[in-house]
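Here's the letter readout for the chains.
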Amino acid sequence: MQTIHVDLGSHAYDVEIGNGILSQVGAKLRVLLPGVCKVAIISDSNVAPLYAAQLHDSLAVAGLPSELIVIEAGEQSKNMQVLSDVLEKIAVAGLSRSDVLVTLGGGVVGDLGGFAAASYMRGIAFVQVPTSLLAQIDSSVGGKVAVDLKSGKNLAGAFYQPKAVFIDTELLQSLPLRFLHDGLAEAIKYGCIKDKDLFIKLAGYVDGAELLDDAEYIVARCCEIKARIIEQDEFDMGLRALLNFGHTIGHAVEQYYSYGYYTHGEGVAIGMYQLTRRTEEMGLTLIGTAAKIAEVLQKYNLPMEADVEKRVLLATMERDKKKNGNSITLVILNDLGSGKLQKIYWQDITEYLG
């Protein structure tokens, strides 16, 4: 097992990573939060049938009664109405400020459940138990919790750190291949912006079995990179924006298809490749970088382009959180493993879309 400490002063917490950790969550919670009397588990219709009973039993052995709240799987559930329904169910379950909410699922469950925890009684403790690769390496760490609005992705939310993140890499064995690859897009992102050796490692796996055998390393390395960035910029005022590589275009693509065609990781893959292809042409990125990204994306069946008109992308990007007045900050690669932030005036953004 590996532990990554996220040093945020009074909001500090540990990310624990290992095989079989799900069955230990109850005992760990009892030590971490000794005053807790009741637990609400937020999960979704795909994950709950697989793992909710195991988590419930772990909590029961630790003397922690739990209430399971299940939302429909998919990005379409990450909205204000579902959030409201979840909050009502937490209230009916009788949770108090001294109790805890546990998210068991992928990024949608973690984001929505975390926002529910931040909102209920003005904030109760929550713990992340991410089950998808994307959630394990990215969204479960860092305290960004949110839901989508009709106008854009993650536009209603908060910064609210979990008390702990428990990552059981054994759960990745049940992921459909598409969603394993979906998470790998975020791992590739980390390699692109901060760790060329990680990128090379991801490009070199012979097959899915070899990759899964190395899952603990991949998850720990990505969490380590993210933790070190968050420690310097918890509230996304500067350096943390590096984590958005591929996301500006990716979010616009996801929204154009109403979150029902491309997964988040697939949107990010498109964004990473399309922006890097263009910055290479502009002389901002080392020649050959886009081709290397394309090669690893193709290896994992991740898309590189979407049939979305430039004017539609621009209309969506204009509502992006990363836009500030008449400018937007893009993440551009100098080379693999070396990302930088570049402020672009809005009137020049079309140049970066090719």
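The rules behind the values
Residues numbered from 1 in each chain as written. Predicted model: local features only at pLDDT ≥ 70, side-chain atom pairs only at ≥ 80, totals over all residues. Heavy atoms only, no water. Helix = DSSP H or I, 4+ residues; strand = E, 2+ residues; numbered from the N terminus. Rg over C-alpha atoms; globule rule 2.2 N^0.38 Å. Buried < 20%, exposed > 50% of the residue type's maximum accessible area, 1.4 Å probe, protein only. Contact = heavy atoms within 4.5 Å. Lys, Arg positive; Asp, Glu negative; His and termini not counted. Charge placed at Lys NZ, Arg CZ, Asp CG, Glu CD. Pairing = 2+ DSSP bridges. Axes fitted to C-alpha atoms, helices over the stretch in contact; angles between N-to-C directions. Core = buried A, V, L, I, M, F, W, Y, C linked by side-chain atoms within 4.5 Å. Phe/Tyr/Trp six-rings, centres within 6.5 Å; stacked < 30°, edge-to-face > 60°. Lys NZ or Arg CZ within 6 Å of the ring centre and 35° of its normal. Polar contact = N/O pair within 3.5 Å; in protein donor to acceptor, adjacent residues only side chain to side chain.

**As for the overall build of the chain**
- Along its length, the chain carries 13 helices and 12 strands.
- Taken over C-alpha atoms, the radius of gyration comes to 20 Å for the chain, in line with the 20 Å a tight globule of 354 residues would show.
- Taking the principal axes of its C-alpha atoms as reference, the chain extends roughly 60 × 40 × 35 Å.
- The buried share among the 354 residues of the chain stands at 58%.
- For the chain, the proportion of contacts with a sequence separation of at least 24, taken over those separated by at least 6, is 74%.
- Averaging the positions of the 32 positive and the 43 negative side-chain charges in the chain gives two centres separated by 6 Å.

**Focus on the pairing of strand β1 (residues 2–6)**
- With 5 bridges joining them, β1 and strand β2 (residues 13–18) adopt antiparallel strand pairing. Bridged to V6 within β2 is Y13.
- Between β1 and β2, which pair antiparallel and follow one another directly, the connecting turn spans 6 residues, one of which, G9, has a positive phi of 60°.

**Some remarks on the environment of I328**
- Along the chain, the position of I328 falls in strand β11 (residues 327–335).
- What makes I328 buried here is its relative accessible area of 1%.
- Counting along the chain gives 87 residues from I328 to A241, while the straight-line C-alpha distance between them is 11 Å.

**Brief notes about the sheet that holds strand β4 (residues 66–71)**
- The mixed open sheet is built from 7 strands, whose spatial order is β1-β2-β9-β6-β5-β3-β4. The open sheet has two edge strands with one neighbour each: β1 and β4. When strand polarity is set aside, the average angle formed by the axes of neighbouring strands in this sheet is 15°.
- As defined by bridge partners, strand β3 (residues 39–44) adjoins β4 across 6 bridges and the pair is classed as parallel. Bridged to V39 within β4 is S66.
- Across the sheet, helix α3 (residues 80–92) lies against β3, β4 and β5 (100–105), angled at about 165° from β4, the strand it touches most.

**Digging into the sheet that holds strand β10 (residues 323–324)**
- The antiparallel open sheet is built from 3 strands, whose spatial order is β10-β11-β12. Both edges of this open sheet fall to β10 and β12 (338–345), since each of them pairs with a single strand only.
- As judged from the 2 bridges shared by β10 and β11, these two strands associate in the antiparallel manner. Residue N324 lies in a different strand from β11, and its bridge partner there is S327.

**Some remarks on helix α10 (residues 247–256)**
- For α10, a buried count of 9 out of 10 residues is recorded, marking the element as mostly surrounded by other parts of the structure.
- Here α10 has its buried residues at H247, T248, I249, G250, H251, A252, V253, E254 and Q255.
- For α10, the elements touching its buried residues are β8 (152–159), α6 (177–194), α11 (264–281), α13 (310–317) and β11.
- Phi for S258, located one or two positions after α10, is positive at around 55°.

**Some remarks on the nonpolar core**
- In terms of nonpolar packing, the biggest core is built from 55 residues, with V15, I188 and L297 touching the most fellow members.
- No other element matches helix α9 (residues 215–232), which puts 10 residues into this core.
- In contact with I188, not counting residues within four places along its chain, are F199, L202, M272, V296, L297, Y300 and L302.
- Judged by nonpolar contacts, the second largest core, of 25 residues, contains L33, V39, I41 and L55.

**Side note on the packing of aromatic side chains**
- Tallying each qualifying case throughout the model produces 6 aromatic pairs.
- Each ring, one from F159 and one from F235, has its centre 5.4 Å from the other, and the planes form 85°; the classification is edge-to-face. Of this pair, F159 sits in strand β8 while F235 sits in the loop between α9 and α10, placing them 76 residues apart in sequence.
- Using a relative accessible area of 42% as the deciding quantity, one classes F235 as partly exposed.
- Between the NZ or CZ atom of R178 and the centre of the ring of F179, over which it lies, the distance is 5.9 Å.
- Sitting above the plane of the Y217 ring, K201 keeps its charged end 5.2 Å from the centroid.

**A closer look at the pairing of β8**
- In the sheet, strand β7 (residues 144–149) pairs with β8 via 5 bridges, with the strands oriented antiparallel. Note on β8: the bridge partner recorded for L149 is G152.
- Linking β7 back to β8 in an antiparallel pair, the connection comprises 2 residues.

**A closer look at the side chain of T285**
- You can see T285 is positioned in the loop between α11 and α12 (289–299).
- We classify T285 as buried; its relative accessible area is 6%.
- Among the polar contacts made by the side chain of T285, one reaches the side chain of T279 at a distance of 2.7 Å.
- Contact partners of T285, with chain neighbours within four places excluded, come to T276, T279, E280, I332, L333 and N334.

**Thoughts on the environment of L64**
- Mapping L64 onto the fold places it in the loop between α2 (48–61) and β4.
- For the pair L64 and V36, spaced 28 residues apart in the sequence, the C-alpha separation amounts to 7.7 Å.
- Not counting residues up to four positions away in its chain, the partners in contact with L64 are G26, L29, R30, V36, C37, V39 and L59.

**Here we look at the environment of T316**
- Its location among the elements puts T316 in helix α13.
- Separated by 193 residues in sequence, T316 and G123 place their C-alpha atoms 31 Å apart.
- Apart from the residues lying within four places of it in its own chain, the contact partners of T316 are A252 and Q255.

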